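So the chains spell out like this:
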Protein chains: 2
Amino acid sequence: MPRTAETSESIDRATARFFKVLGDPTRIRIISLLTTGPKNVSEIVEQIGLSQARISTHLACLRWCEFVQAKKIGRQVEYSLNDPSIEHLLALAKQLSSVREQHLASCTRIGPDWI
Amino acid sequence: MPRTAETSESIDRATARFFKVLGDPTRIRIISLLTTGPKNVSEIVEQIGLSQARISTHLACLRWCEFVQAKKIGRQVEYSLNDPSIEHLLALAKQLSSVREQHLASCTRIGPDWI
DNA sequence: TCATTATATATGGAAAACCGGATATATCCT
DNA sequence: AGGATATATCCGGTTTTCCATATATAATGA
């Protein structure tokens, strides 16, 4: 069954949201950290160095979009990646973006302040 | 030479910006369209159905971040993808996000309106 | 039970991104 | 040169995202 224009548009919207979730430095750092194995919230907070509240909302975002899984152990919650494909995707993206690292770093905002 | 925490942080920032550029439905649609071959601006405008001005700024964004190349031919400008890896990345992301399409569609904003 | 620890959520404000509409620039044609 | 066409950029306003701070919930231990 061929896809209609509407369904491909709908997938594009989903894909854009998917990417938007990945489009935040803190969330990338969290995902990168989790590629080294499961971590509980305190460990993540310690590694990243932001407030627990901030980390927790970023984790909620990643959890909602199913990038990560949460497992409650006593009073801690252990987070882990829930799909190995994410690691592939991230590795590929890191490779592509590290080539352009300086260039991308010089772009502090999306919009007509390029140049 | 091992990477220090700062340089990995810098790559993470670059990667996040890389993803942020991909985190817009219109830009995803443009890139998807360009996977079928080079197109000039008028063709892109026609296919996507947004104003020429809007398409043009999205193209500027993609061009700046080197997702696409622009080639001036007479008074038209022909755009094309400038790295086949982008296609792989997009295909992988589309696959991952189409699995969660309904779920991602139900998320209209990033932030505490999940649940 | 009460205090403590670990994590999650709510709220208000600042910054960033997106859009529509107007305008500028560059090329072609007569 | 002057008009038409193709594309790019600017501007003001609205929406979205991010953050800091405060507070809520849940589990543990005294």
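What to know about the protein's contact with DNA strand C
- Lining the immediate environment of DNA strand C, one finds 24 residues, of which S42, Q52, Y79 and R109 of chain A together with H58 of chain B sit closest.
- A distance of 3.4 Å separates a phosphate oxygen of DNA strand C from a polar backbone atom of V41 of chain A.
- I110 of chain A has a polar backbone atom sitting 2.8 Å from a phosphate oxygen of DNA strand C.
- Sorting the residues of the surface near DNA strand C by element identifies helix 3 (41-48), helix 4 (52-64) and strand 3 (76-81) of chain A together with helix 1 (5-22) and helix 4 (52-64) of chain B as the ones contributing at least two each.

Some remarks on the sheet that holds strand 1 (residues 39-40) of chain A
Residue and element names in this part refer to chain A.
- On the basis of which strands lie adjacent, the open sheet formed by three strands has the order 1-3-2 and antiparallel pairing. One side of each edge strand has no neighbouring strand; the edge strands of this open sheet are strand 1 and strand 2 (68-73).
- In this sheet, strand 3 lies alongside strand 2 in antiparallel orientation, the contact comprising six bridges. Bridging from a neighbouring strand, V68 pairs with L81 of strand 3.
- Against the sheet, helix 4 engages strand 2 and strand 3, with an angle of about 115° to strand 2.

Section: the pattern of salt bridges
- One pass over the full model with this rule turns up ten salt bridges over all chains.
- The salt bridge partner of E66 of chain B is R100 of chain A, with a shortest N-O separation of 3.2 Å. Note that E66 of chain B is positioned in the loop between helix 4 and strand 2 (68-73) and R100 of chain A in the loop between helix 5 (84-99) and helix 6 (101-105), a pairing that runs across two chains.
- Residue class for E66 of chain B comes out partly exposed when judged on its relative accessible area of 31%.
- Look at R100 of chain A and you get buried, because its relative accessible area is 13%.
- Put simply, D83 of chain B and R100 of chain A hold a salt bridge, and the shortest N to O gap is 4.0 Å.

Things to note about the relation of the copies chain B and chain A
- Expressed as a screw transformation, the operator carrying chain B onto chain A has a rotation angle of 180° and an axial translation of 0.0 Å, and the superposed copies differ by an RMSD of 0.1 Å. Interpreted geometrically, this transformation is the action of a two-fold axis.
- The share of interface residues of chain B whose copies in chain A are also at the interface is 98%, consistent with both copies meeting through the same surface.

Observations regarding the protein's contact with DNA strand D
- The environment of DNA strand D is made up of 24 residues, and the closest members are S42, Q52, S56, Y79 and R109 of chain B.
- Between DNA strand D and R27 of chain A there is a distance of 3.1 Å, counted from a phosphate oxygen to a side-chain nitrogen or oxygen.
- Side-chain polar atom of S56 of chain B to a phosphate oxygen of DNA strand D: 2.8 Å apart, as the coordinates give it.
- A total of five residues in the surface near DNA strand D trace back to one element, the largest contributor, which is helix 4 of chain B.

Quick look at the side chain of S97 of chain B
- Within the secondary structure layout, S97 of chain B lies in helix 5 (residues 84-99).
- A distance of 3.3 Å separates the side chain of S97 of chain B from the backbone oxygen of K94 of chain B, its partner in a polar contact.
- Once residues within four sequence positions are removed from consideration, S97 of chain B is found in contact with A14, T15 and F18 of chain A together with L104 of chain B.

Some words on the packing of aromatic side chains
- According to the stated counting rule, one finds five aromatic pairs over all chains in the structure shown.
- Seen in terms of ring centroids, F18 of chain A and F67 of chain A are 5.0 Å apart; in terms of plane orientation they differ by 40°. Their pairing is tilted. Taken as a pair, F18 of chain A in helix 1 (residues 5-22) and F67 of chain A in the loop between helix 4 and strand 2 lie far apart in primary sequence, 49 residues in all. F67 of chain A matches F18 of chain A in its accessibility class, with the two residues each being buried.
- On the basis of an interplanar angle of 25° and a centroid distance of 5.8 Å, the ring pair of F19 of chain A and F19 of chain B is categorised as stacked. Here the residue F19 of chain A occupies a position in helix 1, and F19 of chain B occupies one in helix 1, the pair thus bridging two chains. For the pair formed by F19 of chain A and F19 of chain B, the shared burial category is buried.
- Put simply, the rings of F18, F19 and F67 of chain A together with F18, F19 and F67 of chain B touch in pairs and so form one group of aromatic residues.

Definitions and cut-offs
- Residues numbered from 1 in each chain as written.
- Chains lettered and ligands numbered in written order.
- Predicted model: local features only at pLDDT ≥ 70, side-chain atom pairs only at ≥ 80, totals over all residues.
- Heavy atoms only, no water.
- Near = heavy atom within 4 Å.
- Polar contact = N/O pair within 3.5 Å; in protein donor to acceptor, adjacent residues only side chain to side chain.
- Helix = DSSP H or I, 4+ residues; strand = E, 2+ residues; numbered from the N terminus.
- Pairing = 2+ DSSP bridges.
- Contact = heavy atoms within 4.5 Å.
- Axes fitted to C-alpha atoms, helices over the stretch in contact; angles between N-to-C directions.
- Salt bridge = Lys/Arg side-chain N within 4 Å of Asp/Glu carboxyl O.
- Buried < 20%, exposed > 50% of the residue type's maximum accessible area, 1.4 Å probe, protein only.
- Least-squares fit on C-alpha atoms with pLDDT ≥ 70 in both.
- Phe/Tyr/Trp six-rings, centres within 6.5 Å; stacked < 30°, edge-to-face > 60°.

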